[in-house]
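Next come the chains, spelled out residue by residue.
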Amino acid sequence: MNGKKKDRQAGSPEGRILLRIIQGLLVLCICLGFYQIAGRDAGEQPSGTASEDGVRLVRSAVIGDTPAELETQGEGEDAVYVIAAALPADFPFERTTLYLELEDGARISDESNCILTDLGGRWVVNLTVENAAVVVSDGEHWQEYRFRLELT
């Protein structure tokens, strides 16, 4: 009976092997997470091509309860898409909602670096991340929407 109890203890060879496997998987998950974060910070572009036809994939935007202006600067692949809004100084920039009305077939891409979660159509975003941007894709093309925020 003592032999059976000893085999189940963490100090047994089987227990140590299982512990090493779990530790290895944990390290692998952490490394993959850092790799994804580093790729986004380095300006990695989403797959597909930038939209060249000048049609915005976002129809309208609301940050918190504040309607935002949509701007396009430049043309074709050089176009810069901006969501601009004037917000109060005490605004919760680290965790606020963002509502985007998208063109038919468009969706928010996983490449967006400021999205925290989805509340069923309203996104919770962190606008304090460096170069906060939302990437919108229609399957073939993508557009990166950066934020220009002014304090009121």
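The shown structure was predicted, so the numbers you read here are calculated from the model rather than taken from an experiment.

Here we take up the nonpolar core. Ranked by size, the top nonpolar core spans 26 residues in total, and within it Ile63, Ile83, Leu100, Val134, Val136 and Phe147 carry the most contacts. No other element matches the four residues that strand β4 (residues 80–87) contributes to this core.

Attention shifts here to the side chain of Thr96. Relative to the assigned elements, Thr96 resides in strand β5 (residues 96–102). Once residues lying within four places of it in the same chain are set aside, the contact partners of Thr96 are Ile63, Gly64, Phe91, Trp123, Val124, Val125 and Leu127.

Along the chain, the position of Asn126 falls in the loop between β8 (122–125) and β9 (133–137). Non-local contacts of Asn126, meaning those with residues more than four positions away in its chain, are made with Phe93, Glu94, Cys114, Leu116 and Ala132.

So, on to the packing of aromatic side chains. Per the counting criterion, the structure on display carries two aromatic pairs. Between Tyr81 and Tyr145 the ring centres are 5.2 Å apart and the planes differ by 40°, which places this aromatic pair in the tilted class. Of the two residues, Tyr81 is situated in strand β4 and Tyr145 in strand β10 (residues 141–151); the sequence distance between them amounts to 64 residues. There is no split in this pair, since Tyr81 and Tyr145 are both buried.

This paragraph deals with the pattern of salt bridges. Under the criterion given, the structure shown has five salt bridges. Across the pair Glu103 and Arg59 runs a salt bridge whose closest N-O atoms are separated by 3.2 Å. One end of the pair, Glu103, is in the loop between β5 and β6 (107–108); the other, Arg59, is in strand β2 (residues 58–63), and 44 residues separate them in sequence. Accessibility expressed as a relative area gives 27% for Glu103, which makes it partly exposed. For Glu144, the salt bridge identified is with Arg146, shortest N-O distance 3.0 Å. Ionic contacts of the salt-bridge type, sharing partners, join the residues Arg59, Glu101, Glu103 and Asp104 into one network.

Moving on, we come to the environment of Val135. Within the fold, Val135 resides in strand β9. Along the backbone, Val135 and Ser112 are 23 residues apart, and their C-alpha atoms lie at a distance of 5.0 Å.

Cut-offs and rules
Residues numbered from 1 in each chain as written. Predicted model: local features only at pLDDT ≥ 70, side-chain atom pairs only at ≥ 80, totals over all residues. Heavy atoms only, no water. Core = buried A, V, L, I, M, F, W, Y, C linked by side-chain atoms within 4.5 Å. Buried < 20%, exposed > 50% of the residue type's maximum accessible area, 1.4 Å probe, protein only. Helix = DSSP H or I, 4+ residues; strand = E, 2+ residues; numbered from the N terminus. Contact = heavy atoms within 4.5 Å. Phe/Tyr/Trp six-rings, centres within 6.5 Å; stacked < 30°, edge-to-face > 60°. Salt bridge = Lys/Arg side-chain N within 4 Å of Asp/Glu carboxyl O.

By themselves, these observations are geometric and do not establish any function.
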